[in-house]
Amino acid sequence: MLSVRQLRLALQWRAPASALRVYGRGLRAFATEAGSLQDVKPSSYGQPLFPSHPHLVRPHELTPGIPADEYEWRRKTLMDSLPSDSIVVLVAAPVKYMSGTPEPQSSYKFRQASDFWYLTGFEEPDAAVILEKASNPRGYRMTLFSRGKDSAKEKWEGARTGFEDVLALFRADDALPIHAFPSQLKSLTTIYSHIFIDLPNASTKRPPRTAKSLLRYLSPSALSRSEYESVVDSLSVPRRQPLAPLITKLRSIKSEHEQQVMRAAADISGHAFAKTMRFTQPGFSESAVAAHFEYLCSLSGSQRLAYVPVVASGPNALIIHYTSNNQVVQDGELILMDAGCEYNGYASDITRTYPASGSFTSAQRDLYTAVLTAQKALTGLCTEAASISLHELHRRSCDLLRIELNQLGFRLHTGDLERILYPHFLSHPIGIDLHESANFDRGELLKAGMVITVEPGIYVPPVPQFPKSFHDMGIRIEDEVLVGKEHPIILSVAAPKEVDVEGACQGLLGLQPF
C-alpha cells in the first residue's frame with residue numbers, strides 16, 4: 001500500500017503526452033518508466049483513484065477527466081462569492097434499495113449527489129462536507145466526514161477511503177467520522193451567521209417541509225432527542241440560505257475538462273447509436289434494441305445509462321416518454337430512440353429517428369427532412385453572439401416547424417402545433433445531471449461554455465385534421481450543443497443525423513452492429 005507522501009507525489013506528477021496511450025473508449029494505459037505504479041487489487045480506496053486505477057485516472061486527476069485542482073477551484077470560487085461569516089453544508093446521497101431492505105445485495109448501483117460530487121469528487125455514501133469561509137490563503141476551511149476504514153464491513157462491501165487518504169487526496173483540512181457530523185454542525189452553526197445548505201430534495205419544485213429531514217436522512221440515531229432538537233433549532237430559517245442556486249450558476253458553465261468528458265460521453269453514445277441502427281431489424285423487440293445500445297455503451301467504458309431509454313417503434317413514438325420498450329418492431333415503421341450514457345460523472349442525451357427497414361418511405365423522408373431543417377437552423381443559433389435565451393430559442397422552433405409543416409400540406413389552426421404536434425419544450429441544460437434545469441432561468445441569455453440540448457419533434461396523431469400520409473409518425477432529432485462565442489459545437493456529432501441515417505441502417509457507412 002502506498003504512503004500518504006507517495007500519494008501526494010502521484011497526484012502532483014503529470015505524465016508527458018508521449019507516455020499516454022489510449023486503448024478504446026474509457027481505458028487509459030500508462031507507459032511510464034520502470035517502477036511505475038501498477039493496478040492494486042483489491043483497491044484500498046472507496047472509488048477509482050490513480051494509485052489503484054491508473055487505467056482510468058491520470059496522476060493529476062481526482063476523478064477520471066477532472067483534475068484535483070479543478071475541484072479546488074470550484075470550492076474557492078463558491079466560497080469567494082459568499083459573504084463573510086458563512087459556512088456551506090452538503091451531504092452525500094443515500095444508498096437506495098430495490099426491496100426497501102438495507103442489504104448490500106438489494107441495493108441499486110450507488111450514484112453520488114451531484115452538488116456534493118461537484119465540490120468534493122468524493123464518491124462514497126454516508127458522507128458530508130462543511131466549508132467554512134476563512135481569511136487564510138485558501139479562502140476557506142474544509143472538513144470532510146466519511147465512514148472511514150472498517151475491515152469487517154469492507155470484507156463484504158468493498159474498500160472505503162481512510163481518513164489519512166481523505167486529507168491527502170481530497171485536500172480536506174480535517175477528516176472526521178460521519179457520526180461526528182451532527183455535533184460539529186451544531187457547534188459551527190452557533191458561530192456563523194450565514195448557513196448555506198440544501199435539505200434533501202431541496203432541488204425539486206416541492207420545497208422540504210422541515211430541517212429535520214436532513215438529520216433523519218443522514219444520522220437518525222446519532223443524537224439524543226434533546227441534542228437532535230438543538231441541532232434542528234440551529235438551522236433556523238432566518239440564517240439558513242439555499243445553496244443549490246449558487247452551485248447551479250457554477251455548474252452552468254463547463255470547464256475545458258468538463259467539455260472533454262462530455263464530448264467523450266456523447267461520442268460513446270453516438271457510436272452506439274450508429275451501431276444500433278445497423279443492428280436493428282424488423283421483428284426485433286424494442287427491448288432488444290435498448291439492450292444492444294446499453295451493451296455498446298458499457299463496452300466503451302460507460303458506468304451506466306443516464307436515463308431509461310426510449311425505443312419507440314411506429315405509433316409508440318407519439319408517447320413522448322415511452323419507456324415500456326416491450327413491443328415488436330414492424331417492417332416499415334420508424335424507430336424513435338432517445339438514449340444516452342453517463343460517463344465519468346457526466347450525462348449524454350441524444351435522440352435519433354430512423355427506419356426499421358433501412359429506408360424511409362416518401363412521407364417519412366418528407367417529415368424527417370422538415371424536422372431536421374428546423375433542428376439544424378436552431379443549432380446554429382446556440383452562440384453567445386446570438387444573444388438568445390432558451391425561451392426565445394423555443395419560440396423560434398415553433399416558427400420554423402410551422403413553416404416546414406405548412407409546406408407539407410398541414411393546415412394548422414391556433415394551438416395545433418404547441419398543444420398537439422409539438423407539446424414539449426425545445427431544450428434543457430445538461431451536465432452532471434441529465435436535466436440541470438431546477439434552478440436554471442430559461443430567460444437567461446446563453447453564454448459560451450453552456451451545454452444544452454436542441455430537440456424539436458413532431459408527433460402526428462391519426463386524426464382527420466392532419467394529412468393522412470403522416471399519421472402515427474413521431475420524429476424527434478436531439479443533439480447536445482456546446483454554446484460557443486461565435487459558433488456552436490455539436491458534441492453528439494458521432495450519431496448519424498442527416499438523411500444518410502439510411503446508410504447507417506443498411507451498413508453502407510462501413511459500420512458493423514457490434
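Relevant structure appears above.
Residues numbered from 1 in each chain as written. Predicted model: local features only at pLDDT ≥ 70, side-chain atom pairs only at ≥ 80, totals over all residues. Heavy atoms only, no water.

S.K.: Would you explain the overall build of the chain in this entry?
M.R.: Tallying secondary structure elements over the chain gives 15 helices and 21 strands in all. Buried positions account for 52% of the 514 residues belonging to the chain. In the chain, 69% of the contacts between residues at least 6 apart in sequence involve partners at least 24 apart. A total accessible area of about 22800 Å² is found for the chain, and carbon and sulfur atoms account for 54% of it. (Helix = DSSP H or I, 4+ residues; strand = E, 2+ residues; numbered from the N terminus. Buried < 20%, exposed > 50% of the residue type's maximum accessible area, 1.4 Å probe, protein only. Contact = heavy atoms within 4.5 Å. Areas by Shrake-Rupley, 256 points an atom, 1.4 Å probe, with all protein chains shown as cover.)

S.K.: Is there a simple way to explain the nonpolar core in this structure?
M.R.: In summary, soluble globular proteins display a tendency toward joint burial of nonpolar side chains. Ranked by internal contacts, the top residues of the largest apolar core, which has 108 residues, are L144 and I458. Ignoring anything within four residues of it in the chain, the contact list for I458 reads L367, V371, L401, L405, L417, L421, Y422, M473, G474 and I475. Counting residues in hydrophobic clusters, the runner-up holds 16 residues, among them F145, A180, L188 and I195. (Core = buried A, V, L, I, M, F, W, Y, C linked by side-chain atoms within 4.5 Å.)

S.K.: How should the sheet that holds strand 21 (residues 489-490) be read in this particular structure?
M.R.: Strands in a sheet are paired, the pairing made by backbone hydrogen bonds, and the direction either parallel or antiparallel. Pairing in this open sheet of three strands is antiparallel, and the strands run 17-20-21 from one edge to the other. Taken across any chain shown, the strands that pair with only one partner, and hence form the sheet edges, are strand 17 (451-454) and strand 21. Sheet analysis places strand 17 next to strand 20 (residues 479-482), joined by four bridges and oriented antiparallel. Note on strand 20: the bridge partner recorded for V451 is L482. (Pairing = 2+ DSSP bridges.)

S.K.: Got a minute to help me understand the packing of aromatic side chains in this structure?
M.R.: The description of an aromatic ring pair rests on the distance of the ring centres and on the angle between the ring planes. Going through the model one piece at a time under the given rule, you end up with nine aromatic pairs. Grouping aromatic residues by their ring pairs yields a cluster made of Y71, W117 and Y346. Directly above the ring of Y71 sits R74, whose terminal nitrogen or CZ lies 4.7 Å from the centroid. Above the face of the F425 ring, R442 is positioned so that its terminal group lies 3.8 Å from the ring centre. (Phe/Tyr/Trp six-rings, centres within 6.5 Å; stacked < 30°, edge-to-face > 60°. Lys NZ or Arg CZ within 6 Å of the ring centre and 35° of its normal.)

S.K.: Any chance you could explain the sheet that holds strand 6 (residues 128-133) here in plain terms?
M.R.: Pairing within the open sheet is mixed, and its six strands lie in the order 8-7-6-5-9-10. On the outer flanks of this sheet lie strand 8 (174-177) and strand 10 (240-241), each paired with one strand and no other. For strand 6 and strand 7 (residues 140-146), the ladder comprises six bridges, and the chain directions are antiparallel. Bridged to E132 within strand 7 is R141.

S.K.: Teacher, can you tell me more about the pattern of salt bridges here?
M.R.: As a working rule, side chains carrying opposite charge can pair if their charged atoms are close by. Taken as a whole and judged by the stated rule, the model has 31 salt bridges. One salt bridge in this structure joins R74 and E70, with 3.2 Å as the shortest N-O distance. Here the residue R74 and the residue E70 both occupy positions in helix 2 (residues 68-80), the gap between them amounting to four residues, near one helical turn. The same class applies to R74 and to E70, which are both buried. The partner of E258 in a salt bridge is R74, with the nearest N and O atoms 3.4 Å apart. You can see E258 sitting in helix 10 (residues 256-279) and its partner R74 sitting in helix 2, a full 184 residues away along the chain. Members of the salt-bridge network, linked through shared partners, are R111, D115, R251, K254, R304, E342, D433 and E436. (Salt bridge = Lys/Arg side-chain N within 4 Å of Asp/Glu carboxyl O.)

S.K.: Help me understand the packing of helix 12 (residues 362-379) against helix 13 (residues 390-407), please; the structure alone is not making it clear to me.
M.R.: How two helices pack is summed up by the angle between their axes together with the distance between the axes. Contact geometry of helix 12 with helix 13 gives a least axis separation of 9 Å together with a crossing angle of 150°. Judged on the interaxial angle alone, helix 13 and helix 12 are roughly antiparallel. In this structure, helix 12 meets helix 13 at a crossing whose hand is right-handed. Judged by residue contacts, L367, A370, V371, T373, A374, A377 and L378 of helix 12 engage L393, R396, S397, L400, L401, E404 and L405 from helix 13. Split by residue class, the contact of helix 12 with helix 13 holds ten nonpolar, two polar and two charged. (Axes fitted to C-alpha atoms, helices over the stretch in contact; angles between N-to-C directions. Parallel < 35°, antiparallel > 145°, perpendicular 65-115°, else oblique. Left-handed = near helix turned anticlockwise from the far one by under 90°. Nonpolar A, V, L, I, M, F, W, Y, C, P; charged D, E, K, R; others polar.)

S.K.: Would you mind showing me how to read helix 12 here?
M.R.: Since one α-helical turn is 3.6 residues long, residues separated by three or four positions face the same way. In this model, helix 12 (18 residues) spans 26 Å end to end at C-alpha, consistent with the 26 Å of a helix rising 1.5 Å per residue. Those residues of helix 12 that fall on the buried side of the exposure criterion are A363, Q364, L367, Y368, A370, V371, L372, A374, Q375, L378 and T379. (Expected span 1.5 Å × (residues − 1).)

S.K.: What exactly am I supposed to notice about a nonpolar patch on the surface here?
M.R.: Together, Y295, L299 and F514 give the surface a local cluster of nonpolar side chains, amounting to about 370 Å² of exposed area. As for its position among the elements, F514 is in the segment after helix 15 (501-506). Judged by relative accessible area, which is 58%, F514 ranks as exposed. (Patch = residues over 30% accessible without salt bridge, like charges linked within 9 Å, V, L, I, M, F, W, Y side chains within 5 Å.)

It is worth stressing that arrangement in space is one thing and function is another; only the former is reported here.
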